[in-house]
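The residues making up each chain are set out below.
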Amino acid sequence: MTSLPMTAALRAVLRAVVAGAPCDERALEMLVLASVRESQSVSKELSNREGAVHYYSGYVNYGDVAGWMSPDDPFSEAVVVIEVKAYAALNRRSDDRFQLDHYAQAAPKARKVYLASDHGMAELDKRTPEITSSWERVPFAEFANFLDSVIGRELTAEEMGAVKVGKLLARCEN
């Protein structure tokens, strides 16, 4: 049995946000990064790629989490760009284009995933179809259900500990 502590923590935080709990969006982004690195099933679901995708965070113009097929060349063509939105608004850049426009331009062939809460989905709905048409919408509740199938069993003690720490770090612990 493979332990999936980061995936379990991500699922718990997503469920808390869906239930209306506040959450630190940066911590949620890092849980997404940890989960795609931990679980090939989660990586495949978001990247639509077989095999190893190498994920990074913090690259300008590549969303919250991005993946490349080559670990040695993270500036080659990205295969997936993931934007996570719980509560924040979509940012408009100095050139009057939205951040999603920049991400799509930087990685035109990548799968673009917009993983968001209901609030995040409403933010996307306010934008024009030109901005939103290239982004696949994945609601938090739907993704949490997918993570149920990935875990597929009762949590181990290690995973339960990770859930507690993940919720505390994301500041969504009740």
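Everything here concerns the structure above.
Residues numbered from 1 in each chain as written. Predicted model: local features only at pLDDT ≥ 70, side-chain atom pairs only at ≥ 80, totals over all residues. Heavy atoms only, no water.

## Digging into the packing of helix α1 (residues 5-18) against helix α7 (residues 140-151)
This is how the line gets drawn: For every element, the axis is a line fit to its C-alpha atoms; helices are fit only across the contacting stretch, and the angle between N-to-C directions ranges from 0 to 180 degrees. Per the convention used, a helix needs a DSSP run of H or I reaching at least four residues, while a strand needs a run of E reaching at least two, with both numbered from the N terminus. Here the word oblique covers every angle except those under 35 degrees (roughly parallel), over 145 (roughly antiparallel) and from 65 to 115 (roughly perpendicular). Whether a crossing is left-handed or right-handed is set by the direction in which the near helix is turned from the far one by less than a right angle, anticlockwise for left-handed and clockwise for right-handed. Contacts are assigned to residue pairs that have any heavy atoms within 4.5 Å of one another. Any residue that is not Ala, Val, Leu, Ile, Met, Phe, Trp, Tyr, Cys, Pro, Asp, Glu, Lys or Arg is counted as polar, Gly included; the first ten are nonpolar and the last four charged.
Contact pair α1 / α7: the axes reach a minimum separation of 9 Å and the direction vectors enclose 150 degrees. What the angle tells us is that α1 and α7 run roughly antiparallel. Both α1 and α7 take part in a crossing whose hand is left-handed. Residue-level contacts link Thr7, Ala8, Leu10, Arg11, Leu14, Arg15, Val17 and Val18 of α1 to Phe140, Ala141, Phe143, Ala144, Asn145, Leu147, Asp148, Val150 and Ile151 of α7. For the contact of α1 with α7, the residue count by class is 12 nonpolar, two polar and three charged.

## Here's the deal with the packing of helix α2 (residues 25-38) against helix α3 (residues 40-47)
Relative to each other, α2 and α3 sit at 110 degrees, their axes nearing to 5 Å. It follows that α2 is roughly perpendicular to α3 by the angle criterion. The residues of α3 that touch α2, namely those facing Ser35, Val36 and Glu38, are Gln40, Val42, Ser43 and Leu46. Here the contact of α2 with α3 is built from residues that sort into three nonpolar, three polar and one charged.

## A short note on helix α8 (residues 157-169)
The α-helix winds at 3.6 residues per turn, so residues separated by three or four positions along the chain end up facing the same way. What counts here: To estimate how far a helix should extend, the number of its residues minus one is multiplied by 1.5 Å. Under the scheme applied here, a residue whose accessible area is under 20% of the maximum for its type counts as buried, over 50% as exposed, and between as partly exposed, the area being computed with a 1.4 Å probe on protein chains only. Along the arc lie the directions from the helix axis toward the C-beta atoms.
Its 13 residues give α8 an end-to-end C-alpha distance of 18 Å, which sits within 8% of 18 Å, the value for a rise of 1.5 Å per residue. For α8, the complete set of buried residues consists of Glu159, Ala162, Val163, Gly166 and Lys167. On an axial view of α8, the arc spanned by its buried residues comes to 130 degrees, and they lie on one face. Set apart from the buried face of α8 by more than 90 degrees, the exposed residues are Ala157 and Leu169. In this structure, the buried side of α8 is in contact with α1 and α2. The first or second residue beyond α8 is Arg171, which carries a positive phi of 55 degrees.

## Comments concerning the sheet that holds strand β2 (residues 65-68)
For clarity, the threshold we go by: Strands were regarded as paired on the criterion that DSSP finds at least two bridges between them.
Spatially, β1-β2-β3-β4-β5 is the arrangement adopted by the five strands of the open sheet, whose pairing is mixed. Two strands in the sheet have a free side with no partner beyond their single neighbour: β1 (54-56) and β5 (135-139). The average undirected angle you get between the axes of adjacent strands in this sheet is 20 degrees. Relative to β5, strand β4 (residues 111-116) runs parallel, the two being bridged by five bridges. When the bridges of β5 are listed, Leu115 appears paired with Val138.

## Considerations on the nonpolar core
The tendency in soluble globular proteins is for nonpolar side chains to be buried side by side. Convention followed: Working definition of a nonpolar core: buried Ala, Val, Leu, Ile, Met, Phe, Trp, Tyr and Cys residues. They are joined through side-chain atoms within 4.5 Å.
Leu28, Ile82 and Phe143 are the most contacted members of the largest nonpolar core, which has 40 residues in total. For this core, the secondary structure elements donating two or more residues are α1, α2, α3, β3 (80-85), β4 and α7. Ranked by residues supplied to this core, first place goes to α1 with eight residues. Dropping the residues within four chain positions of it, Ile82 is found in contact with Val32, Leu46, Tyr55, Gly63, Asp64, Val65, Val113 and Leu115.

## Focus: the layout of surface pockets
Inclusion rule: Both cavities and pockets are sets of points on a 1 Å grid over the protein atoms alone; in a cavity a 1.4 Å probe fits but cannot get out, in a pocket the set is open with protein on both sides within 12 Å along at least five of seven lines, and lining residues sit with an atom within 4 Å of a point. Grid points are joined across faces, edges and corners, and a volume is the space filled by probe spheres set on the points.
In this model, the largest pocket occupies a volume close to 250 Å³. If you go around the largest pocket, you meet 18 residues; those closest to its centre are Arg26, Glu29, Gly63, Asp64 and Tyr103. Mapped onto the lining of the largest pocket, the elements with two or more residues apiece are α2, β3 and α4 (99-106). Top contributing element to the lining of the largest pocket by residue count: α2, with four residues. For the lining of the largest pocket, the class distribution of residues is five nonpolar, six polar and seven charged.

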